[in-house]
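Descriptive analysis of the structure
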Amino acid sequence: MNFQLAYIKNSQQIVLKDFGENQTQSKGKIMDIDELPKLNLQGLFLPEELLQDTEFLGTLNSTTEVNPIRTSEEFGLDLDSFEALSTESATPYFKKVYESWILQNNLSLLEEMTNVYKHLNSLWANERTAFFEELWNLLKRNLGTSELTIVYNDVKKAKKEGEKNKLIRVKVHGKLKANPEEGGELEANLMKNYENIFSPVFEVVEFNKEKGQLVALCSIKKSPVIIMANVYGLTRLQKTILKTLVDGLQENWV
């Protein structure tokens, strides 16, 4: 699978590198630091000295939640060695950084699970879109997705007198941020295809390890949900945490 790593060259610039089967060797692309929040990275390295720069840390805060960040000194990387990385030599760095980041996200979710239940439950009745945007963000961090789509049913309120409310499918999708929009024929067909499989239990029904593609199903308060993601792996801990999360969402927390 393809992945992206970046190295913070200084307080103004980063070096971005793409890795994967079809990527050719290159020193990477120099970008302005302001572009960092727009990147969907699987690893970000920075020299320790930049941690002393208070102004720079303010800039960095906008990306810490969505990108795994480590100091370059932890891995013995300087700018020259980073620019020289091939896909083969970069893969161990990527795996160590990304897997550690996901594990920390998993443990944090376990610690905060009751508060998460209460927060999501408060959104369910009247702020359905916000509920699924929050769920999208949780899944992204805890599955470590490079792309994620959630499909669910919603009701489109009638705008005119005499019209009826309409059942629609909504998809929340994206690589870095959740983008909700009304679904179409594809989403309707997906719901129909899986209609006899939905249950209150989070279940991975398809997983292609080589391509890193998974499909998971559940129902939340009897409403069916489809989760489709590109991931870099799937652990027993991840599946257990998400099953626990979905189980808890069936209850009415106050």
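Now for a description of the structure that goes with this document. Quantities reported herein were computed from a predicted structural model and do not represent experimental measurements.

The strand order across the open sheet formed by six strands is β8-β7-β6-β11-β10-β9, and the pairing between neighbours is antiparallel. In this open sheet, the two edge strands, each paired with only one partner strand, are β8 (179-182) and β9 (203-208). Shown here is a sheet whose adjacent strand axes are inclined to one another by a mean of 20°, direction ignored. Alignment of strand β7 (residues 166-174) against β8, held across four bridges, turns out to be antiparallel. Directly across from valine 172, in β8, lies its bridge partner proline 180.

A few words on the nonpolar core. Core analysis: the largest hydrophobic core is formed by 35 residues, its most contacted members being Phe131, Phe132 and Leu245. For this core, the elements supplying multiple residues, two or more each, are α3 (87-124), α4 (128-143), β6 (147-156), β7, β10 (213-220), β11 (223-230) and α6 (236-249). With near-sequence residues (within four places) excluded, phenylalanine 132 lies in contact with Trp124, Ile150, Tyr152, Val172 and Val225.

Approximately 600 Å³ is the volume attributed to the largest pocket. Counting residues per element, the ones that place at least two in the lining of the largest pocket are α3 and α6. The biggest single contributor to the lining of the largest pocket is α3, with nine residues. For the lining of the largest pocket, the class distribution of residues is 12 nonpolar, eight polar and four charged. Taken together, 17 residues line the second largest pocket, and the ones lying closest to its centre are Gln4, Asn40, Ser146, Lys175 and Tyr232. Secondary-structure elements contributing two or more residues to the lining of the second largest pocket are β1 (3-8) and β2 (13-19). Considering only residue class, the lining of the second largest pocket consists of five nonpolar, seven polar and five charged.

Definitions and cut-offs
- Residues numbered from 1 in each chain as written.
- Predicted model: local features only at pLDDT ≥ 70, side-chain atom pairs only at ≥ 80, totals over all residues.
- Heavy atoms only, no water.
- Pairing = 2+ DSSP bridges.
- Helix = DSSP H or I, 4+ residues; strand = E, 2+ residues; numbered from the N terminus.
- Axes fitted to C-alpha atoms, helices over the stretch in contact; angles between N-to-C directions.
- Core = buried A, V, L, I, M, F, W, Y, C linked by side-chain atoms within 4.5 Å.
- Buried < 20%, exposed > 50% of the residue type's maximum accessible area, 1.4 Å probe, protein only.
- Contact = heavy atoms within 4.5 Å.
- 1 Å grid on protein atoms, 1.4 Å probe; cavity = no way out; pocket = protein on both sides within 12 Å on 5 of 7 lines; lining within 4 Å.
- Points joined across faces, edges and corners; volume = space filled by probe spheres on them.
- Nonpolar A, V, L, I, M, F, W, Y, C, P; charged D, E, K, R; others polar.

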